[in-house]
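Next come the chains, spelled out residue by residue.
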Amino acid sequence: MILVVGIWATIVTINADKAQQELDKKGKYTIAIVTNIKGAHSGRWVDVEFVYNGNKYESERRNETIPLSWIGEKIFIKFLPSDPIQCEYYDNVEIPDSILKLPPTVWDSLPVKN
């Protein structure tokens with residue numbers, strides 16, 4: 001049983017590393033809206049929603065830094081165009097008003113200094 005769990009953990013880690021590498025190489029940036037924050041004792045899960053190529057996507061990630069009061073706020077995310085729900089949050093980067101007024105936009109790099 002311990003061997004099976006060890007093999008499973010190794011596979012999960014390898015897949016996560018591959019996904020992160022692909023996101024690092026091929027990821028695009030956009031703005032997402034925080035739609036829900038769940039959990040407390042076992043960790044917080046944050047849901048976001050964003051538009052890419054005219055389609056709306058929702059993604060959920062574990063995140064301990066986004067405060068509960070941020071529901072409805074906008075954050076930068078980096079997502080994988082081939083699988084848009086694969087993304088990472090940039091909640092520590094302020095979005096200027098000039099960018100917030102733009103229609104849904106996708107960038108190759110973060111459009112502000114990090």
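The structure under discussion appears in the preceding block.
The rules behind these values
- Residues numbered from 1 in each chain as written.
- Predicted model: local features only at pLDDT ≥ 70, side-chain atom pairs only at ≥ 80, totals over all residues.
- Heavy atoms only, no water.
- Pairing = 2+ DSSP bridges.
- Helix = DSSP H or I, 4+ residues; strand = E, 2+ residues; numbered from the N terminus.
- Salt bridge = Lys/Arg side-chain N within 4 Å of Asp/Glu carboxyl O.
- Buried < 20%, exposed > 50% of the residue type's maximum accessible area, 1.4 Å probe, protein only.
- Axes fitted to C-alpha atoms, helices over the stretch in contact; angles between N-to-C directions.
- Core = buried A, V, L, I, M, F, W, Y, C linked by side-chain atoms within 4.5 Å.
- Contact = heavy atoms within 4.5 Å.
- Phe/Tyr/Trp six-rings, centres within 6.5 Å; stacked < 30°, edge-to-face > 60°.

S.K.: I'd like a description of the pairing of strand E2 (residues 45-52), backed by residues and values.
M.R.: Each regular strand displays side chains that alternate between the two surfaces of the sheet. Note: strand E1 (residues 28-38) against E2, five bridges, orientation antiparallel. Considered in E2, the bridge of isoleucine 33 is made with glutamate 49. The hairpin formed by E1 and E2 contains six residues between the paired strands, and glycine 39 there has a positive phi angle of roughly 90°. Here E2 pairs with strand E3 (residues 55-62) via eight bridges, running antiparallel. Directly across from glutamate 49, in E3, lies its bridge partner glutamate 58. Counting the residues that bridge the hairpin from E2 to E3 gives two residues, and of these asparagine 53 lies at a positive phi of roughly 50°.

S.K.: An account of the pattern of salt bridges is requested, with residue identities and associated values reported.
M.R.: Opposite charge on two side chains allows them to pair when their charged atoms are near. Scanning the model with the defined rule gives six salt bridges in all. Between aspartate 108 and lysine 28 there is a salt bridge, with its nearest N and O atoms 2.4 Å apart. In this pair, aspartate 108 is assigned in the segment after helix H2 (97-100) and lysine 28 in strand E1, connecting sequence segments 80 residues apart. Overall, the relative accessible area of 25% leaves lysine 28 in the partly exposed class. A salt bridge links arginine 62 to glutamate 64, with the shortest nitrogen-to-oxygen separation between them at 3.8 Å. Under the relative-accessibility criterion, arginine 62 is labelled partly exposed at 47%. A relative accessible area of 43% means that glutamate 64 is categorised as partly exposed.

S.K.: Can you tell me about the sheet that holds strand E5 (residues 83-90), naming the residues and giving the values?
M.R.: Two orientations exist for strands paired in a sheet by backbone hydrogen bonds: parallel and antiparallel. Reading across the sheet, the five strands line up as E3-E2-E1-E4-E5 and stay open at both edges, with antiparallel pairing between neighbours. Looking at the sheet topology across the chains shown, the edges are occupied by E3 and E5. Strand-to-strand twist of the sheet, defined as the mean angle between neighbouring strand axes without regard to direction, takes the value 45°.

S.K.: Help me get a handle on the nonpolar core, residues and values and all.
M.R.: Within soluble globular proteins, side chains that are nonpolar tend to cluster in buried spots. Ranked by internal contacts, the top residues of the largest apolar core, which has 13 residues, are Val46, Val48, Ile75, Ile77 and Tyr89. If you list the elements that add at least two residues to this core, you get E1, E2, strand E4 (74-80) and E5. Sort the elements by how many residues they give to this core and E2 lands first, with four residues. With residues near it in sequence (within four places) discarded, valine 46 still touches Val34, Asn36, Ile37, Ser59, Glu60, Arg61, Asn63, Ile66 and Tyr89. Counting 10 residues, the second-largest nonpolar core is a separate cluster that includes Tyr29, Trp107, Leu110 and Val112.

S.K.: Residue-level account of the packing of aromatic side chains, with values.
M.R.: What the rule picks out here adds up to five aromatic pairs. Taken together, Phe50, Tyr52, Tyr57 and Phe79 form an aromatic cluster joined through their ring pairs.

Function cannot be read off these values alone, since they describe shape.
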